Amino acid sequence: QLRRFRENLKEKRLALREQFLERRAQRLAHRLGFGLGFDDDASAHDISSLGRQFSITEEEEDAQQIGSRSFFCGTTLLTSASFSDDEDDEDTTNNSTNYIRSTALELPPSEYSISSQRQPNASSLRRQAPDKDSLLLRHFPTKLPSEQVSIDFRDLGLSVTAIATGRAIRILDNVSGSIRSGSVCAIMGPSGGGKSSLLKVLSCRLLRGTDILTPETRIFVNGNEHIPLRQIASLTAFAPQDDVMCHELTVLEILEFSASCRLPTSNFPTRNYRKRLVRNVANALGLRAVRHSVVGSVEKRGISGGQKKRVNLGMEIVADPCVLLADEPTSGLDAANSLEIVRVFKKLASKGVAVAAVLHQPAYQLYMSFSDVLLLAPGGRTAYHGPPGNAARYFEQQLGFKVPQGWSPPDFFMQILVKQPQQIALAWDALASKYVTIREYGQDTAAGITLAAANRAPPSWLSQLILQTSRSFLRQRRVAGSIAGDIVIQTLIGGGIGLLYVDYSFHNAQLVNFMVSIGLGFTLTLAGTPTFTTNRDVVLRECCSAAGGGLSVSAYFMANFITDAIRFAALSTVFVLGFYPLAHPRASLGFYVLAALADGFAASGFGYIAGCLFDESGSLLAALCLALIFALFSGVHPTINQMPTAMRVVNYISHDRYFVEVLFVEEVIQMSEAFRMPPSFYSSSSDSVLAQLLAYGYFVSDFSIYWNNHFLRWLDLATLVSIGLAARVAAYLIYINLNAAALGRESISTTLRNCCVDLYHRLFRSTYLSTVSNPSIRPNPAVTDRNRNENNWPSSAATQPLV
């Protein structure tokens, strides 16, 4: 019946389409009259056949990247079938309104012409293919003059402190150049020339404390030296060399997440606008065929390496940047795809975007496609900056190096830069004033940039939490098979422990509780370690306070806490369901599950700490060590009374201690009152179960169990939840403190030190108070920095006002 229903529905859709085509052809005939040569007695079938010829095949749509199917008849625009980028081809026959509800392409009438022949055939109306460049990134907005950003840098120097020796290594040495809006600049040079380091400086991705800018560095934003680069970080996009993205998501999901987090609401107010831009960018980068494919990783096959490189670039283009910085976007791509990438760059430049890309051994055709070229010699020295067509003449006339016949100029330049870097750099420094100039802009440029940067503020914390949570759920859904395997293993572990202690007696209750705490604690601690180790690079890219970042780390942590809570609850529950039917403990099943959930919540928190402290391999060993230490200090053997006073600190923070305690207390509560009387009621104190409880040091009052006081077990459960919350807060603080340099923020230790220094000045330095109260005697920062450099004081990236 269902098959027949589908067949009937398909027939109705086809009949509806035929009726629509006939009605459209009739309207066409009435509008054109005798212009097409139709007789009055022309059959409806002949007229409808003319309407069918205007439909475009899927191959033509892919080639032309057309979102709406339209044609011109003289000055009259007729829409045959219009499809938005958000719809699939299977949904085009739902109803007749889908064919006429969208707008057609605004193409000039000159691209379409009507044949003068009066014949009712397909040649009566000819259609010329539109230009592909006019359709490329058609949904990408054009920058206003006040939103266009140009960056000029003079005498830019960068030193990096070596971790092993502690000595400063010069990476960039007095590099001068510019990245202008509306142009595409190629940064080229041999290995060790500082190409990637230059992009890190311009994108504000310097590591605090290790990357140090020289005092001579001068950076101008639209000719204004007083606008810091960090102020336009929200307007700048940086595509790193490595393909950093969530490998469990599809191409469209990755691009849509980046657009939702970074697109300004002024230009893209609704979700449909954002989806239209995302699909337009995916089509422009040649990702249409794999838009619904998972990216994949080394373990799980996904899209190819070249497609990952284009996805990495698309994550930044969908952010609608004013400045685009790409680190080797063509590496791993063939010549045809590399030209397509540069073609996208030129289209962005035509819309007012300043584009700079690092290239490694480009082809000559690719090299000539750029507007400007910046050549860097080894040691970070400028060798040439200007149009690519003038580079060969400059090397021949000024340096005496002529490109040999049959050589590619880029390859020849790389060879010369490796052999004679100092000579070429000195020659360019002597002629730099003739080639490098700083453009002067109007006074309204700074206000326009400030307004544009203010509109690029990241979404609210709650919006980020919703986006991050939905992405985390998507990731877990893609690895549902792995989670199902973990659930099966967890059930087998619980069942194995239950088989060892089938129908155990009260004398073995504490041993059974100890084994349960080990099985549950070890597995849940290990389950919490991969959360913050697998996608650490993704967090550092999205949450850094630089170009391409700006998201909240706390929102990312909270989203993972929410999604992992469901996984941990499932693991804890199936563990109890495998253990309880075999062991038959005296506690109820509901209470056993509740206690296991609380213990799993606490144990997974320590797994988070191990994952934030170490990498993927070291975190597993650290998690096992933590689980083993907490199991040894659970108070079973040795008991709490037998532990030395100094070692009891570990017992107080051990989640196994409170889990074993609450299970043992529940065992005693469920026993008869004849066994739960105080020891003084028996001829031998060993006959009372309270004597065994007191031997472990669990209780304060001898009568707490006798009078059915359940306060202690709820206190243990609350303590387990508190330990889990404290462990998660500690993991968050450890994460942001260890990755403070990569996130572009001050570490907690540095913040505390600065607070202590400021408090010291406020309390014990009277000159500080007088300086604050009298602004006229405040020291000049420029003079202070100059005196500091003259006295050989160590400079740091924090003292530089530019970046």
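Residues numbered from 1 in each chain as written. Predicted model: local features only at pLDDT ≥ 70, side-chain atom pairs only at ≥ 80, totals over all residues. Heavy atoms only, no water.

What follows deals with the overall build of the protein chain. What the protein chain contains, in helices and strands, is 29 helices and 14 strands. For the protein chain, the proportion of its 803 residues judged to be buried stands at 48%. The long-range fraction of contacts in the protein chain, counting pairs at least 24 apart against all pairs at least 6 apart in sequence, stands at 74%. Of the roughly 37,900 Å² of accessible surface on the protein chain, 57% is carried by carbon and sulfur atoms. (Helix = DSSP H or I, 4+ residues; strand = E, 2+ residues; numbered from the N terminus. Buried < 20%, exposed > 50% of the residue type's maximum accessible area, 1.4 Å probe, protein only. Contact = heavy atoms within 4.5 Å. Areas by Shrake-Rupley, 256 points an atom, 1.4 Å probe, with all protein chains shown as cover.)

Turning our attention to the nonpolar core. In this structure, Phe 345, Leu 348, Leu 375 and Phe 395 are the most contacted members of the largest nonpolar core, which totals 70 residues. Ranked by the residues each element gives to this core, the list is headed by helix α9 (residues 335-350), at six residues. Look past the residues within four positions of Leu 375 in its chain and what remains in contact with it is Met 188, Arg 381, Thr 382, Ala 383, Tyr 384, Phe 395, Phe 413, Met 414 and Leu 417. (Core = buried A, V, L, I, M, F, W, Y, C linked by side-chain atoms within 4.5 Å.)

Now for the side chain of Asn 535. For Asn 535, the position within the fold is in the loop between α17 (509-528) and α18 (536-543). According to the relative accessible area criterion, Asn 535 is buried, its value standing at 4%. Among all residues touching Asn 535, those that are not within four sequence positions of it are Glu 248, Arg 475 and Tyr 556.

Per the counting criterion, the structure on display carries 15 salt bridges. Taking the shortest distance from any N to any O, the salt bridge between Arg 180 and Asp 152 comes out at 3.2 Å. Of this pair, Arg 180 sits in the loop between β6 (168-179) and β7 (184-188) while Asp 152 sits in strand β5 (residues 151-161), and the two are 28 residues apart along the sequence. When its relative accessible area of 1% is taken as the criterion, Asp 152 is described as buried. Here Glu 661 and Arg 657 are joined by a salt bridge, their closest N and O atoms 3.0 Å apart. Separated by four residues within a single helix, Glu 661 and Arg 657 lie in helix α23 (residues 655-669), roughly one turn from each other. This pair shows no difference in class: Glu 661 is buried, exactly as Arg 657 is. Residues joined by salt bridges that share partners form a network here, namely Arg 262, Glu 316 and Arg 541. (Salt bridge = Lys/Arg side-chain N within 4 Å of Asp/Glu carboxyl O.)

Take the environment of Arg 288 next. Within the secondary structure, Arg 288 sits in the loop between α7 (271-284) and α8 (305-317). Take Arg 288: its relative accessible area is 23%, and that puts it in the partly exposed class. For the pair Arg 288 and Leu 252, spaced 36 residues apart in sequence, the C-alpha to C-alpha distance is 9.3 Å.

Examined against the element boundaries, Asp 599 turns out to sit in helix α20 (residues 589-613). Buried charge without a partner: Asp 599 forms no salt bridge, and the closest opposite charge is Arg 728, 11 Å away. When neighbours within four sequence positions are excluded, Asp 599 is seen to be in contact with Leu 520, Gly 521, His 655, Asp 656, Phe 659 and Leu 720. (Lys, Arg positive; Asp, Glu negative; His and termini not counted.)

This brings us to the confidence of the model for the protein chain. Scored by pLDDT, the protein chain has a mean of 76; 73% of the residues are at 70 or more. Counting contacts from residues 33-129, a segment whose pLDDT is below 50, to residues more than four positions away or on other chains yields 160 contacts. Below pLDDT 50 for its whole length, residues 767-803 participates in 41 contacts with residues either more than four positions away or in separate chains. (pLDDT = per-residue confidence, 0-100.)

Spatially, the six strands line up as an open sheet ordered β10-β11-β12-β7-β13-β14, and their pairing is mixed. Every interior strand has two partners, whereas the edge strands, β10 (236-239) and β14 (381-386), have only one. Strand-to-strand twist in this sheet, taken as the mean axis angle between neighbours without regard to direction, amounts to 15°. As judged from the four bridges shared by β7 and strand β12 (residues 354-358), these two strands associate in the parallel manner. Bridged to Ile 187 within β12 is Val 358. Taken strand by strand, helix α12 (residues 409-419) contacts β7, β13 (372-377) and β14, and its axis lies near 25° from that of β13. (Pairing = 2+ DSSP bridges. Axes fitted to C-alpha atoms, helices over the stretch in contact; angles between N-to-C directions.)

Attention now goes to the packing of aromatic side chains. The tally for this structure, following the rule as stated, stands at 24 aromatic pairs. Seen in terms of ring centroids, Tyr 556 and Phe 557 are 6.3 Å apart; in terms of plane orientation they differ by 75°. Their pairing is edge-to-face. Across the pair, exposure class does not vary: Tyr 556 and Phe 557 are buried alike. Clustering of aromatic rings is evident, with ring pairs tying together Tyr 364, Tyr 367, Tyr 384, Tyr 394, Phe 395, Trp 407, Phe 412, Phe 413 and Trp 428. The ring of Phe 561 is capped by Arg 728, whose NZ or CZ atom sits 5.7 Å from the centre of that ring. (Phe/Tyr/Trp six-rings, centres within 6.5 Å; stacked < 30°, edge-to-face > 60°. Lys NZ or Arg CZ within 6 Å of the ring centre and 35° of its normal.)

Moving on, we get to α23. Compared with the 21 Å implied by 1.5 Å per residue over 15 residues, the 21 Å span of α23 between its first and last C-alpha is a close match. Of all 15 residues making up α23, 15 are buried, and the element is well covered by its neighbours. (Expected span 1.5 Å × (residues − 1).)

Time to look at unusual backbone geometry. Here the amide bond leading from His 637 into Pro 638 is cis, since omega sits at 0°, within 30 degrees of zero. Relative to the helices and strands, Pro 638 is located in the loop between α21 (616-632) and α22 (648-653). Of note in this structure, Asn 174 is not a glycine but carries a positive phi near 55°. Mapping Asn 174 onto the fold places it in strand β6. Note on Asn 174: relative accessible area 32%, which makes it partly exposed.

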